[in-house]
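Overview (structure and organization)
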Amino acid sequence: WEPHGGPPDHECPSQNRNRNHVRKPRKNDVFGEFIMSSARKRRGQNSLAARPSVERENDAPKGPVETFDPRRRSKPRSWLSRCMNITKYIMFALFLPPFLNYTALLREQEIVQPEGDFIDVGEGQKIFVSCKGKGAPTVLLDAGTGTTSDVWESIQLELAKNTRVCVYDRAGLGYSDVPPQGLESKWQPYTIETMADNLHEVLQQKKEIRKPLILVGAEIGALVARFYAQMYEVDILGLVQVEPLVENIFSVDGGVWVQYWYNQLLMSLQALQFSAAIGFTRFALIVGMVDQPITGEFTSNSVKIRQKYLLCQPRHLSAAVDEHYFINNSFSQISTLWTMKSFPKNISVTVINGNYYDEQLPPELNRAWAKSQQHLISNVHPGCKHIVVNGADRHMLYRNPSSVVNPVLRLVKQWKHTNRETRKQ
């Protein structure tokens, strides 16, 4: 090594040692600062690349690392989501039961349908009629307010052993149709005049119903039978009224029945109709919260099942509500007919009562009902045959059917005996 000479390509060891050394920039040396920054960047990249993976893992930040999750939402969005979920469940609870009830009704309609015929009374409206037995006279049974022909099951089967017996459902009740849309004059209001008109059409269409007729009616069915007998007296042999509605019932004892009829009875039917529409009645029947209305040892299983079906049927309950709602119009019509035409003397009249109308009702209502029955016996049908069944009430139709069967059979046998004697002569 020669300090002052040597070949031009010879390098000093100190120069070789400092080849990668970058000089520090002097003050105001812009170029030097640029070189320094470039060198720092290169050293940083090389050092990271050269460090083993273990060291890089050790240099990783300690503790939980916060990452972005797209499913996480801000608080306002979470509150809105909860509200939407609650609304979804509410809508599900509101719409699912009615839908399930509707589909079940469609499936059950033909399964529980009783045997019988459907008579067209005009404009496509059909009335359900079921007849059993043979011979004459024909006994026609008309059910109570808002009820179907199922209440007569035991009575019809017993009477059919001796003569022909027919039952029917008034418009909208049971399996009978409501009037088609647009026939406002026939449907609004639905009163005994319209009911009697429908019954007349049924008797005209169904030729196998032989005359004369013995009309047996309960409650509003008795009112319809009275109206029909006064309008078509030639066809009627006898009239049997079981706990009949009387037109003065709302004026007896300060009108206690008016309050009960419109404030309790009608409102309970409307609530039952709404309950059926939303599907709650079906759920209540399943869990045993309610029971079908026709009970007793003489009630068949088919009737019990059919009555449960009808409790879930809003259309049937709507017709029951209409019969109750327009009862004042029916009272007005029977009173008007009474002033225009007295009841025919040739028609035998029998009135059947229990000791009270309904043992579950308050005493003042049963007392008022008894006074209205006395008015019917004394003023409307003086001289009629009055039968009181001890320990019975309006449920006697299916709990004590013999109390109705025996008086009707007496009329049937009396007519047959008279007819037989007439033929001999």
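Definitions and cut-offs
- Residues numbered from 1 in each chain as written.
- Predicted model: local features only at pLDDT ≥ 70, side-chain atom pairs only at ≥ 80, totals over all residues.
- Heavy atoms only, no water.
- Axes fitted to C-alpha atoms, helices over the stretch in contact; angles between N-to-C directions.
- Helix = DSSP H or I, 4+ residues; strand = E, 2+ residues; numbered from the N terminus.
- Parallel < 35°, antiparallel > 145°, perpendicular 65-115°, else oblique.
- Left-handed = near helix turned anticlockwise from the far one by under 90°.
- Contact = heavy atoms within 4.5 Å.
- Buried < 20%, exposed > 50% of the residue type's maximum accessible area, 1.4 Å probe, protein only.
- Expected span 1.5 Å × (residues − 1).
- Phe/Tyr/Trp six-rings, centres within 6.5 Å; stacked < 30°, edge-to-face > 60°.
- Disulfide = S-S within 2.5 Å.
- Pairing = 2+ DSSP bridges.

Quick word on the packing of helix α9 (residues 256-277) against helix α14 (residues 363-380)
Packing of α9 against α14 leaves a shortest axis separation of 9 Å and a crossing angle of 115°. Considering the angle they form, α9 stands roughly perpendicular to α14. Seen from above, α9 lies across α14 with left-handed handedness. On α14, the residues that touch Val256, Trp257 and Tyr260 of α9 are Glu364, Leu365, Ala368 and Trp369.

What to know about the side chain of Gln230
Here Gln230 shows up in helix α8 (residues 220-231). Given the relative accessible area of 0%, Gln230 is considered buried. Excluding anything up to four places from it in sequence, Gln230 contacts Ile334, Leu337, Trp338, Lys341, Ser342, Phe343 and Pro344.

A short note on helix α7 (residues 192-205)
Note on helix geometry: an α-helix contains 3.6 residues per turn, so any two residues three or four positions apart are oriented the same way. With 14 residues, α7 should cover 20 Å at 1.5 Å per step; its first-to-last C-alpha distance of 20 Å lies within 8% of that length. For α7, every residue scored as buried is listed here: Ile192, Thr194, Met195, Ala196, Asn198, Leu199, His200, Val202 and Leu203.

Points about the packing of aromatic side chains
By the definition in use, this model includes 13 aromatic pairs. Ring centres of Phe250 and Phe331 lie 5.4 Å apart, and the angle between their planes is 80°; on these two criteria the pair is classed as edge-to-face. Of this pair, Phe250 sits in the loop between β6 (236-244) and α9 while Phe331 sits in helix α13 (residues 327-340), and the two are 81 residues apart along the sequence. Summarising the burial analysis for this pair, Phe250 and Phe331 share the class buried. Within the aromatic cluster, the residues linked to one another by ring pairs are Phe250, Trp257, Tyr260, Trp261, Tyr262, Phe331, Tyr357 and Trp369.

What to know about the state of the cysteines
Going through the model one piece at a time under the given rule, you end up with 1 disulfide. Covalently, Cys131 is tied to Cys166 through a disulfide, its sulfur atoms 2.0 Å apart. Disulfide Cys131-Cys166: the torsion about the S-S bond is 110°, which places it as right-handed. With Cys131 in strand β2 (residues 126-132) and Cys166 in strand β4 (residues 165-168), this pair connects stretches of sequence that are 35 residues apart. Judged by relative accessible area, Cys166 falls into the buried class, the value being 0%.

What to know about helix α12 (residues 314-325)
The terminal C-alpha atoms of α12, which comprises 12 residues, lie 16 Å apart, in line with the 16 Å expected from a rise of 1.5 Å per residue. Listed as buried for α12 are His316, Leu317, Ala319, Ala320, Val321, Asp322, Glu323 and His324.

A closer look at the pairing of strand β1 (residues 117-120)
By the bridge criterion, 4 bridges tie β1 to β2 in an arrangement that is antiparallel. Considered in β2, the bridge of Asp117 is made with Val129. Between β1 and β2, which pair antiparallel and follow one another directly, the connecting turn spans 5 residues, one of which, Gly122, has a positive phi of 120°.

Thoughts on the sheet that holds strand β5 (residues 213-219)
As a general point, the strands of a sheet are linked pairwise by backbone hydrogen bonds and lie either parallel or antiparallel. Within the open sheet, the 8 strands sit side by side as β1-β2-β4-β3-β5-β6-β7-β8. Their pairing is mixed. One side of each edge strand has no neighbouring strand; the edge strands of this open sheet are β1 and β8 (385-389). Within the sheet, the average angular offset between the axes of one strand and its neighbour, ignoring direction, is 25°. In this sheet, β8 lies alongside strand β7 (residues 348-354) in parallel orientation, the contact comprising 5 bridges. Counterpart to Gly354 in the pairing with β8 is Val389. In the packing of α7 onto the sheet, the strands contacted are β1, β2, β3 (138-142), β4 and β5, and the crossing angle to β1 comes to about 110°. With respect to the sheet, α8 is in contact with β3, β4, β5 and β6, its orientation differing from that of β5 by roughly 145°.

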